[in-house]
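Examination of the molecular architecture
As a plain string of letters, each chain reads:
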Amino acid sequence: MPLLNELTIKQAREGLDAKEFSSVELTMACLDRIKKRNKKINAFITVTEELALQEAEKADKQIKQKKQTILTGIPFSIKDAICVKDVRSTGSAKILDNYIAPYESTVITKIREQGAVLLGKNNCDAFGHGASNENSMYGPVKNPHDEKRVAGGSSGGSAAAVADHQCIFSIAEDTGGSIRQPASFCGIVGLRPSYGRNSRFGIMPMASSLDTVGPMGKTVEDVAILESIMAGKDEKDATTVFDKVTNYLKKKKETLQSGGQARNKKQKLRVGVPKEYFEKEGLDVEVRSIIEENIEKLKGLNVEIVEVSLPHTKYAIPVYYIIVPSEDSSNLGRLDGIRYGVQAKHKNLYEAYSKSRAQGFPEEVKRRIMIGTYALSAGYYDAYYKKAQKVRTLIKQDFEEVFGLVDVLITPTSPFPAFKIGEKKDDVLAMYLADVFVAPASLAGLPAISVPAGKTKSGLPVGLQMIGPRMGEQIVFNLASILEDQNT
Ligand code: GLN
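We now turn to the structure provided with this report. (Residues numbered from 1 in each chain as written. Predicted model: local features only at pLDDT ≥ 70, side-chain atom pairs only at ≥ 80, totals over all residues. Heavy atoms only, no water.)

Here's the deal with the site of the ligand
The line we're drawing: Here a residue is near a molecule or strand as soon as one of its heavy atoms is found within 4 Å of it. Counting of polar contacts relies on pairs of N or O atoms within 3.5 Å, with two restrictions inside protein: one atom must be capable of donating a hydrogen and the other of accepting it, and residues adjacent in sequence are counted only when both atoms are side-chain atoms. Cavities and pockets were defined on a 1 Å grid built over protein atoms only: a cavity is a set of grid points that admits a 1.4 Å probe from which the probe cannot escape, a pocket is an open set flanked by protein on both sides within 12 Å along at least five of seven lines, and lining residues are those with an atom within 4 Å of any such point. Cavity and pocket membership follows a simple rule, namely that a molecule belongs there if more than half of its atoms are within 2 Å of the grid points. The residue classification treats Ala, Val, Leu, Ile, Met, Phe, Trp, Tyr, Cys and Pro as nonpolar and Asp, Glu, Lys and Arg as charged. All others, Gly included, are polar.
Close to the ligand lie 16 residues, the nearest being Thr175, Gly176, Ser178, Tyr320 and Arg368. Between the ligand and Gly130, the relevant distance is 2.8 Å, taken from an oxygen atom to a main-chain nitrogen or oxygen of the residue. Separating an oxygen atom of the ligand from a backbone N or O atom of Thr175 is a distance of 2.7 Å. Of the pockets mapped on this structure, the ligand occupies the largest cavity. Its residues placed into classes, the shell around the ligand shows four nonpolar, eight polar and four charged.

If you want it as structure tokens, here you go:
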């Protein structure tokens, strides 16, 4: 029998409804686990214990009256770059150390309206900048599978909290891989939705033309449950689209026969394997062979595997690291030590700005502000930002062409498993290259999921990424779930 904190959403729902345990008991099990493990793993910056117990009691009353909905009484956590009303929200930077958000992210309100119980806020790379969680001003998150290694980033706290059973699920943000890469390092499931699918209102903005918010959980089914709740138009985020939101759980079984949703329903499901993602250089041999084994499993299920090419993939990292710092630098202008958060001691207005920002931002945030300000400045805008946007269009067109041929793409999520804490910290470019397989789908606004694919000989999880056509979450969930069945 798993411990209560080890349950999935589905198992917790069944147990709560059958009165095998109460929400207070389930919540206490998670809080006890957090207390026991937080000093080591460092997944939480703020634990909302009192609030959690109040919400759990309320949930138990609702269950007693048979008024429960899908998440009633189920404890979860939230990346600290997402605002929750009346709860401290630091973005993992000291400039917001004392910031209590006066309003709440739309997706979090949707999750809480379904009765989920908030346990607290997760550590992350400050403002989402990073691939290892070492850019947090509250210390790195340790990987529960090997505490000498990183949990991934930027949503390392959320991934570690789910993997270490400190919560049942977590909500996080993905601009250029921040949900998928830590999910892969920690052996859990994480979805980046299509750009415009979920409202970003109340998420601390990073790079507005790429930012998304999505779910992290223990199974594909749990993540699909959460995405069905989070998706939809929101008048507070003009980029959200009107689109019929399906219940993502329903159609899984039809997939193998139907050929997915993108093409002729009579054909076999076609899965594309982009050859640029499997080139030897930089790809760990164990990761490669684990992903190839998974592809073989799909062949055994009568799926047609097609080699495809995304020729502009090689430009994804340079393009990403022009566009993202540019938008970062613009968005971070609002954090001036005057309107929000902590203000440093100062003698005049200039010092108020410069000292608050110098003390309140970690090194990587400052680097991005400088690169971005440069790339956007007069005379350089055309040469850098505008050119990068043009190449971004080519990357997007590569995907559009390929989705005329196949239903889904399969790639490794990361070129390597979790690396050692400190290993890449002083080599900025090596850290940026960690995003090589996750940045392209982000630039193209596509949905992508990371699912556990296996473990290395030393026991480190390896994640497999599935990328779908725009608004194609359904096919991504279906195939991910089929593969999950093969691997469990
Ligand atoms: N590694 C990416 C970066 O540093 C992750 C960003 C994100 O998705 N928040 O930009």
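As for the pattern of salt bridges
Quick reminder of the rule: Think of a salt bridge as a Lys or Arg side-chain nitrogen and an Asp or Glu carboxyl oxygen that are within 4 Å of each other. Strands here are runs of E lasting at least two residues and helices are runs of H or I lasting at least four, both read from the DSSP assignment and numbered beginning at the N terminus. Exposed residues in this analysis have more than 50% of their type's maximum accessible area, buried residues have under 20%, and partly exposed residues fall in between, with area computed by a 1.4 Å probe over protein chains only.
Per the stated rule, a full pass over the model turns up 26 salt bridges. The residue Glu304 makes a salt bridge to Arg270 at a minimum N-O spacing of 3.4 Å. With Glu304 in strand β10 (residues 304–308) and Arg270 in strand β9 (residues 270–274), the pair connects residues that are 34 residues apart, well separated along the chain. On the accessibility criterion, Arg270 (23% relative accessible area) is partly exposed.

Notes on the pairing of strand β5 (residues 146–150)
The criterion, for reference: Pairing between two strands requires that DSSP report at least two bridges joining them.
Sheet topology note: the strand β4 (residues 142–143)/β5 ladder contains two bridges and is antiparallel. Each residue of the ladder has a partner; that of Asn143, found in β5, is Asp146. Counting the residues between successive antiparallel strands, the hairpin from β4 to β5 contains two residues.

Observations concerning the environment of Phe21
Residue placement: Phe21 occurs in the loop between α1 (9–17) and α2 (23–41). Each C-alpha atom, one on Phe21 and one on Leu4, is 8.6 Å from the other, the two residues being 17 residues apart in sequence.

Some words on the layout of surface pockets
Just so we agree on the cut-off: Grid points are joined across faces, edges and corners, and a volume is the space filled by probe spheres set on the points.
Size it by volume and the largest pocket reaches roughly 430 Å³. Together, 18 residues line the largest pocket, and Glu276, Glu281, Leu433, Val436 and Phe437 are the ones closest to its centre. Elements supplying a minimum of two residues to the lining of the largest pocket: α10 (316–331) and α14 (428–433).

Considerations on empty space enclosed by the protein
Summed over all chains, the structure comprises two cavities of 30 Å³ or more. There is about 90 Å³ of room inside the largest cavity. For the lining of the largest cavity, the residue count by class is four nonpolar, nine polar and two charged. Estimates place the volume of the second largest cavity at around 30 Å³. In terms of lining residues, the second largest cavity is bounded by Ser184, Phe185, Val287, Thr413, Ser414, Phe416, Pro417, Pro461, Val462 and Gly463. At the level of secondary structure, the elements contributing two or more residues to the lining of the second largest cavity comprise α6 (180–186) and β13 (461–467). Tallying contributions element by element places β13 first for the lining of the second largest cavity, with three residues.

Points about the side chain of Asp174
This is how the line gets drawn: Should any heavy atoms of two residues lie within 4.5 Å, those residues are considered in contact.
With respect to the helices and strands, Asp174 occurs in strand β6 (residues 169–174). Among the polar contacts made by the side chain of Asp174, one reaches the side chain of Arg180 at a distance of 3.0 Å. The contacts of Asp174, once residues within four sequence positions are left out, are Ile179, Arg180, Arg192, Leu210, Asp211, Thr212 and Ser442.

Considerations on the sheet that holds strand β7 (residues 189–192)
Pairing between sheet strands relies on hydrogen bonds along the backbone, with the strands arranged either parallel or antiparallel. Test applied: Each axis is a line fitted through C-alpha atoms, taken for helices only over the stretch in contact, and angles between the N-to-C directions span 0 to 180 degrees.
Reading across the sheet, the 11 strands line up as β1-β3-β2-β6-β8-β7-β12-β13-β11-β9-β10 and stay open at both edges, with mixed pairing between neighbours. With one partner strand each, in any of the chains shown, β1 (44–47) and β10 form the two edges of the open sheet. For this sheet, the mean inter-axis angle between neighbouring strands, taken without regard to orientation, is 30 degrees. Note that β7 and strand β12 (residues 448–455) share three bridges and pair antiparallel. Each residue of the ladder has a partner; that of Arg192, found in β12, is Ala448. Contacting β6, β7, β8 (212–217) and β12, helix α7 (residues 220–230) runs over the sheet at an angle of about 145 degrees to β8.

Structural notes on helix α16 (residues 473–487)
Spelled out, the test is: Between the first and last residue of a helix there are one fewer steps than residues, each counted as 1.5 Å, and that sum is the expected span.
An ideal rise of 1.5 Å per residue puts 21 Å on 15 residues; α16 measures up with 21 Å between its terminal C-alpha atoms. In terms of burial, α16 is largely enclosed, as 12 of its 15 residues are buried. Of all the residues in α16, the buried ones are Glu473, Gln474, Ile475, Val476, Phe477, Asn478, Leu479, Ala480, Ser481, Ile482, Leu483 and Glu484.

Brief notes about the packing of aromatic side chains
Our working definition: A pair of aromatic rings is counted whenever rings of Phe, Tyr or Trp (Trp by its six-membered ring) have centres within 6.5 Å, and the orientation is called stacked for planes under 30 degrees apart, edge-to-face for over 60 and tilted otherwise.
The final tally for this structure, using the stated rule, is 13 aromatic pairs. On the basis of an interplanar angle of 80 degrees and a centroid distance of 6.0 Å, the ring pair of Phe127 and Phe361 is categorised as edge-to-face. A residue pair is termed long-range when its members are at least 10 positions apart, and Phe127 in the loop between β3 (117–122) and β4 and Phe361 in the loop between α11 (349–360) and α12 (363–376) qualify at 234 residues. The buried category is assigned to Phe361, whose relative accessible area is 3%.

These results come straight from atomic positions and should not be treated as a statement about function.
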